[in-house]
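Here's the letter readout for the chains.
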Amino acid sequence: VSQSRYTTVRRNEVVKIIEDLKKEEDNKKEFDRLKTAGDLAFADKKWNDAETNYPGAQKITPTDAYVKSQIGKIAAERQKEQESAKNKSAYDNAISDAVALVVKKSYNEAIEKYKFALTLQPEKKEFIDGEILKVKNKMADTALEVVVLKELKTAAEFLNKNKLDDAITQYKATEKTITGFTALS
């Protein structure tokens, strides 16, 4: 009888070990599934999905450093996105302000606004550099316009005084000013 009891106890112990190993294997599979789903969601920046999967994996294996790390990274990524959204709004406002300043011919202030926008969205450097170049070209055009108008006024005054040679000389000088500027552009 005692051997039969011993055999039953040992058999029950073996069955329990097999059940525990099966449960452990199932838990490992579920952990891997949840971790992989969390990784895929994380890679796609689907934070809610990642926040659902990683904690599920963590419940199965609370000591897993990778899962703990990923849960922390989600919070950091959400913070970055919030800051980026704030920067995007400030960037859009700075660009709008710069455009308005160009319309007002406040070119130096417009350039400063563009430079400020660049600090908010450095990845937009090529676009902003192009806009600054356009503003600088407008500044040069405006400066040329002032010079040309002054020279034309002088030529007209010579013409009104019947100083034809002086008027012709001044008109030719104005033409050279325009041609010289065009050659530089």
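Quick caveat, the model's predicted, so the values are computed rather than measured.

1. Here we look at the overall build of the protein
1) Next: Along the backbone of the protein there are six helices and zero strands.
2) Next: Each helix and strand of the protein, ordered N terminal to C terminal, gives the series α-α-α-α-α-α.
3) Next: Relative to the 2.2 N^0.38 estimate, which gives 16 Å for 185 residues, the radius of gyration of the protein is 38 Å and therefore markedly larger than a compact globule would have.
4) Next: Seen along its three principal axes, the alpha-carbon backbone of the protein occupies a region of about 140 × 25 × 20 Å.

2. Digging into the confidence of the model for the protein
1) Next: Chain-level pLDDT for the protein is 92 on average; 97% of the residues reach the 70-or-more range.
2) Next: Looking at the elements of the protein, mean pLDDT is at its lowest for helix H6 (residues 164-184), recorded as 84, and at its highest for helix H4 (residues 107-120), recorded as 96.

3. Observations concerning the nonpolar core
1) Next: Membership of the largest hydrophobic core comes to 15 residues, with the highest contact counts inside it found for Tyr-91, Ile-95, Val-102, Tyr-114, Ala-117, Ile-128 and Val-135.
2) Next: Those elements that place two or more of their residues in this core are helix H3 (65-103), H4 and helix H5 (125-160).
3) Next: For Ile-95, the contacting residues outside a window of four places in its chain are Tyr-114, Ala-117, Phe-127 and Ile-128.
4) Next: With ten residues, the next largest nonpolar core counts Leu-34, Trp-47, Tyr-54 and Ile-74 among its residues.

4. Some thoughts on the pattern of salt bridges
1) Next: Scanning the model with the defined rule gives twelve salt bridges in all.
2) Next: Lys-29 is paired through a salt bridge with Glu-25; the nearest N and O atoms lie 3.6 Å apart. Residue Lys-29 and its partner Glu-25 are located together in helix H1 (residues 2-43), separated by four residues, close to a single helical turn.
3) Next: Judged by relative accessible area, which is 41%, Glu-25 ranks as partly exposed.
4) Next: Its salt-bridge partner being Glu-51, residue Arg-78 comes within 2.8 Å of it at the nearest N-O pair. Taken together, the residues Arg-78 in helix H3 and Glu-51 in helix H2 (residues 47-60) connect sequence positions 27 residues apart.
5) Next: Glu-51 sits in the partly exposed class, given a relative accessible area of 36%.

5. A closer look at the environment of Val-14
1) Next: With respect to the helices and strands, Val-14 occurs in helix H1.
2) Next: Each C-alpha atom, one on Val-14 and one on Ala-100, is 81 Å from the other, the two residues being 86 residues apart in sequence.

6. Some words on the packing of H1 against H2
1) Next: Running from N to C, H1 and H2 cross one another at 155°; their axes reach a closest spacing of 8 Å. It follows that H1 is roughly antiparallel to H2 by the angle criterion. For the pair H1 and H2, the crossing hand works out as left-handed. Each of Asn-27, Glu-30, Phe-31, Leu-34, Lys-35, Ala-37, Gly-38, Asp-39, Ala-41 and Phe-42 in H1 lies in contact with H2, whose residues at this interface are Trp-47, Asp-49, Ala-50, Asn-53, Tyr-54, Gly-56, Ala-57 and Ile-60.
2) Next: Taken together, the residues that form the contact of H1 with H2 break down as ten nonpolar, four polar and four charged.

7. Some details on the packing of aromatic side chains
1) Next: One pass over the structure, following the stated rule, counts one aromatic pair.
2) Next: Between Phe-42 and Trp-47, the aromatic rings sit 5.2 Å apart at their centres with planes inclined by 70°, giving edge-to-face as the arrangement.
3) Next: Classification of Trp-47 as buried rests on a relative accessible area of 5%.

Analysis parameters
Residues numbered from 1 in each chain as written. Predicted model: local features only at pLDDT ≥ 70, side-chain atom pairs only at ≥ 80, totals over all residues. Heavy atoms only, no water. Helix = DSSP H or I, 4+ residues; strand = E, 2+ residues; numbered from the N terminus. Rg over C-alpha atoms; globule rule 2.2 N^0.38 Å. pLDDT = per-residue confidence, 0-100. Core = buried A, V, L, I, M, F, W, Y, C linked by side-chain atoms within 4.5 Å. Buried < 20%, exposed > 50% of the residue type's maximum accessible area, 1.4 Å probe, protein only. Contact = heavy atoms within 4.5 Å. Salt bridge = Lys/Arg side-chain N within 4 Å of Asp/Glu carboxyl O. Axes fitted to C-alpha atoms, helices over the stretch in contact; angles between N-to-C directions. Parallel < 35°, antiparallel > 145°, perpendicular 65-115°, else oblique. Left-handed = near helix turned anticlockwise from the far one by under 90°. Nonpolar A, V, L, I, M, F, W, Y, C, P; charged D, E, K, R; others polar. Phe/Tyr/Trp six-rings, centres within 6.5 Å; stacked < 30°, edge-to-face > 60°.

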